[in-house]
Amino acid sequence: MKIETTAIHAGEAVDPHTRASSPNLVMSSTFLPRELTGFSALDEDESAGYIYARSGNPTVRQLEEKLAALEGAEDARCFASGIAATHAVIMGRLSAGDHAIFPENAYSGTAEFIRYSLPRFGIRTSFVDLTNPEAVAAAITPQTRMLWLETPCNPTLQLADIAALSDLAHAKGVRDVVVDSTFASPIATRPLTLGADFVVHSLTKYIGGHGDAMGGAVLGRKADMDALNLEAAVHFGGVLSPFNAWLIMRGAETLPIRMRAHAEQAMAVARWLEAHPAVSRVYYPGLPSHPQHDLARRQMANFSGMVTFQTHEDGADIARRMVKDLQHVHFAVSLGHLRSLIYWIGTDDILKSTYQHEGAAEARFRALLGRGIFRLSVGLEHADDICADLGRCL
Ligand SMILES: *Cc1c(COP(=O)(O)O)cnc(C)c1O
């Protein structure tokens, strides 16, 4: 099957009772076992079928099977949000005394969880510039159990070389290489085929794609997903609602054609921004001016729809105009929806709240982002209308 067909049919099956063509929404929280089985999830017998929706629900399961097929994974588990999926894999895999390596500029929600919560559990962390493989190698210790990659990174659009860094980490005894592939989507990059052990997605973004449902997923080997199901889903409890699974499944069916359109539109908008006199710098993996354009061409089959840019005028002033004057582009956080979304991220603010970089890491961050950047999620309106709307405020 080609990817467009997989997106529509994988995980779905015609309901044998009603012969319904599109997937059922099963909201039931409990299920009648086919035969007597234990009360604890530890004693559940797989042949008994669904028991309780925290350990499994048929609508959520259909989405998990579709996502696994799209990602080329043995299996998948869904959670209530991208951060719930992140929490599941980090707390499900790491123990006190372990060391883990994270990108110095990870997505802010991930960065704050790692910086502010993990130390309380005795998990040691290092923050590394993933564009520098020597720095990653130097950070690995005998206790390093996890290397976390995010590519492209939110919001810097820096890339990590998944194949090279997975090889490097595994050769040095690191057990888990995890890739947050939210910005790429399975249409652009399939990290498991490049050597990673786990993939994390915020389903709230491109995979759901319509801005109306939060969700997250972890994908990988079946044995790892079974263990994660027991520990993270059953014991931590942050499971996905079947209603959200049903909405996200409908979004996932059009993911290949949406990603093609997002990438085409983003390229047009990025080129327009690059030529605009008010704009001082544009980052888009598909542009030859991206510092890692060669890696993007090797690792991404689609450059996705995320563009960031800086302006000559103070971006905070432009952002104030955008809040009032934008007509089609929504000034709002989040990304990956069919509506274009833009947000201003001020460097001083985010350094203080999220990253707290000092020394060389702070200098690298300021060199990359200047006083701040606009993060633009290019939607599926016509590129001409998106540019005209932005042009009114620039
Ligand atoms: C949004 C996002 C997340 C978190 O996902 P939620 O669904 O908002 O919890 C994680 N990683 C990246 C790269 C994101 O953009």
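For the structure itself, look to the data block above.
Residues numbered from 1 in each chain as written. Predicted model: local features only at pLDDT ≥ 70, side-chain atom pairs only at ≥ 80, totals over all residues. Heavy atoms only, no water.

Novice: An account of the site of the ligand is requested, with residue identities and associated values reported.
Specialist: Every one of the 15 residues lining the ligand counts as a neighbour, but Ile83, Asp180, Ser202, Thr204 and Lys205 are closest to it. Interatomic distance of 3.0 Å between a side-chain N/O atom of asparagine 154 and an oxygen atom of the ligand. Between a nitrogen atom of the ligand and a side-chain N or O atom of aspartate 180, the distance comes to 2.6 Å. In isolation the ligand exposes 380 Å². Once the protein is present, 94% of that is buried. (Near = heavy atom within 4 Å. Polar contact = N/O pair within 3.5 Å; in protein donor to acceptor, adjacent residues only side chain to side chain. Areas by Shrake-Rupley, 256 points an atom, 1.4 Å probe, with all protein chains shown as cover.)

Novice: Describe the pairing of strand 11 (residues 341–346), with residues and values.
Specialist: Extensive coverage of strand 11 is indicated by the burial of five of its six residues. Inspection of the sheet shows strand 10 (residues 330–331) paired to strand 11 by two bridges, in the parallel sense. When the bridges of strand 11 are listed, histidine 330 appears paired with leucine 341. Summarising the sheet, strand 11 and strand 12 (residues 372–377) pair through six bridges and their orientation is antiparallel. Of the residues in strand 12, the one forming a bridge with tryptophan 344 is phenylalanine 374. (Buried < 20%, exposed > 50% of the residue type's maximum accessible area, 1.4 Å probe, protein only. Helix = DSSP H or I, 4+ residues; strand = E, 2+ residues; numbered from the N terminus. Pairing = 2+ DSSP bridges.)

Novice: Account for unusual backbone geometry, with residues named and values stated.
Specialist: For the bond running from threonine 151 to proline 152, omega is -15°, close enough to zero to count as cis. Checked against the element boundaries, proline 152 lands in the loop between strand 4 (144–150) and helix 6 (162–171). Omega for the bond connecting asparagine 154 with proline 155 falls within 30 degrees of zero, at 5°, which places this linkage in the cis form. Secondary-structure assignment places proline 155 in the loop between strand 4 and helix 6. Its identity as a non-glycine residue notwithstanding, serine 334 has a phi of 80°, on the positive side. Here serine 334 is to be found in the loop between strand 10 and strand 11.

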